[in-house]
Amino acid sequence: MAYVMRSSAYRRHRNLVERSRKTSKIKTHGRTLERAQKGLYGGKKMLAGNKISFSLKKSLRIWKPNVQWKTFHSELLKTHFQVRVTTSVIRTIDKMGGIDNYILFTKEKKLDSKLGEDLRKLLIEAWEQEHGTKFKRRDILYQQKMEILDVENQVRQDAIRRLLESTTVNNDEEIKDNEMEEDNEENEETITT
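Student: Could you give me a rundown of helix α2 (residues 87-96), with the residues and numbers involved?
Tutor: Two residues of an α-helix separated by three or four positions point the same way, owing to the 3.6 residues in each turn. Within α2, burial applies to Ser 88, Val 89, Ile 90 and Ile 93. Buried-residue contacts for α2 involve β3 (67-74), β4 (79-86) and α3 (99-105). Following α2 by one or two positions, Gly 97 adopts a phi angle in the positive range, close to 95 degrees.

Student: Requested: an account of the side chain of Arg 120, with residues and values cited.
Tutor: Within the secondary structure, Arg 120 sits in helix α5 (residues 114-131). By relative accessible area, Arg 120 is classed as buried at 11%. Within the structure, the side chain of Arg 120 is placed 2.8 Å from the backbone oxygen of Ile 103, a separation counted as a polar contact. Setting aside anything within four residues of it in sequence, one finds Arg 120 in contact with Ile 103, Leu 104, Thr 106, Lys 107, Glu 108 and Leu 111.

Student: Break down the pattern of salt bridges for me, with residues and values.
Tutor: Under the criterion given, the structure shown has two salt bridges. Notably, a salt bridge pairs Glu 108 with Arg 120, separated by 3.9 Å at the nearest N-O pair. Remark: Arg 120 occurs in helix α5 and Glu 108 occurs in helix α4 (residues 108-111); sequence separation between them is twelve residues. The shortest N-O distance in the salt bridge between Asp 158 and Arg 161 comes to 2.8 Å.

Student: Go over the confidence of the model for the chain, please, and point to the residues and values.
Tutor: Mean pLDDT over the chain: 79, with 70% of residues reaching 70 or higher. At the level of individual helices and strands, the chain shows its lowest average pLDDT in helix α1 (residues 7-26), which scores 58, and its highest in β3, which scores 94.

Student: Please give an account of the packing of aromatic side chains that cites residues and values.
Tutor: A full pass over the atoms with the stated rule returns two aromatic pairs. Taking the centre distance of 6.0 Å and the plane angle of 40 degrees together, the rings of Phe 105 and Phe 135 count as tilted. A residue pair is termed long-range when its members are at least 10 positions apart, and Phe 105 in helix α3 and Phe 135 in the loop between α5 and α6 (137-192) qualify at 30 residues. Three or more aromatic residues joined by ring pairs form one cluster here, namely Phe 105, Trp 127 and Phe 135.

Student: How would you sum up α5? Please name residues and give values.
Tutor: Here α5 spans 26 Å end to end across 18 residues, near enough to the 26 Å set by a 1.5 Å rise per residue. Taken together, the buried positions of α5 are Gly 116, Leu 119, Arg 120, Leu 123, Ala 126 and Trp 127. An end-on view of α5 places all buried positions within 135 degrees of arc, on one side of the element. Residues of α5 that are exposed and angled more than 90 degrees away from the buried face: Lys 114, Lys 121 and Gln 129. N-capping of α5 is provided by Ser 113, with a side-chain oxygen placed 2.9 Å from the backbone N of Gly 116. Looking one or two residues beyond α5, the residue adopting positive phi is Gly 132, at roughly 75 degrees.

Student: Before we move on, can you summarise the pairing of strand β1 (residues 47-52) with the specific residues and values?
Tutor: As defined by bridge partners, β1 adjoins strand β2 (residues 58-63) across six bridges and the pair is classed as antiparallel. Bridging across to β2, Ile 52 finds its partner in Lys 58. Between β1 and β2, which pair antiparallel in sequence order, lie five residues; one of them, Leu 56, sits at a positive phi of approximately 65 degrees.

Conventions we followed
- Residues numbered from 1 in each chain as written.
- Predicted model: local features only at pLDDT ≥ 70, side-chain atom pairs only at ≥ 80, totals over all residues.
- Heavy atoms only, no water.
- Buried < 20%, exposed > 50% of the residue type's maximum accessible area, 1.4 Å probe, protein only.
- Helix = DSSP H or I, 4+ residues; strand = E, 2+ residues; numbered from the N terminus.
- Contact = heavy atoms within 4.5 Å.
- Polar contact = N/O pair within 3.5 Å; in protein donor to acceptor, adjacent residues only side chain to side chain.
- Salt bridge = Lys/Arg side-chain N within 4 Å of Asp/Glu carboxyl O.
- pLDDT = per-residue confidence, 0-100.
- Phe/Tyr/Trp six-rings, centres within 6.5 Å; stacked < 30°, edge-to-face > 60°.
- Expected span 1.5 Å × (residues − 1).
- Arc of directions from axis to C-beta.
- Pairing = 2+ DSSP bridges.

Structure (structure tokens):
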């Protein structure tokens, strides 16, 4: 025979279920937002926690990423487009030197959006047409690092060359000064004798 819940027990059970549903909606710690697929969120997710009042009562709350609409210019695609991005991604784009570099050289795991993947495909096609070779992320990054090292080595060599030139000029001036002093001393000795 099946157990039939009484009305008060049934109501308590139903209240517990509804409460668990409400809290499960709020407990989104680390959940990727669906709207993040339509923008560049850079792996930022919704976080959950407690707001603690003065009386130390805890109430659930969520923190959403700081998302802004931003217009970017793509040099490879030669167009402007408007995208929803987090402020941390805006800083990263500035650091990497533009939206093209950010999308091409950021790992897929970090991009974490359908829009980012679609833009990457378009940018890779444009890059391959412009350069005439296949896009290989690792090779390009290695080449850029080597160019930076070459520039740094050139700067160091120029600094060393300038330093050596300045010391040889100073030594030449000291030698000339010493010779002039010796000549003056000889002239004084000849005059006194």
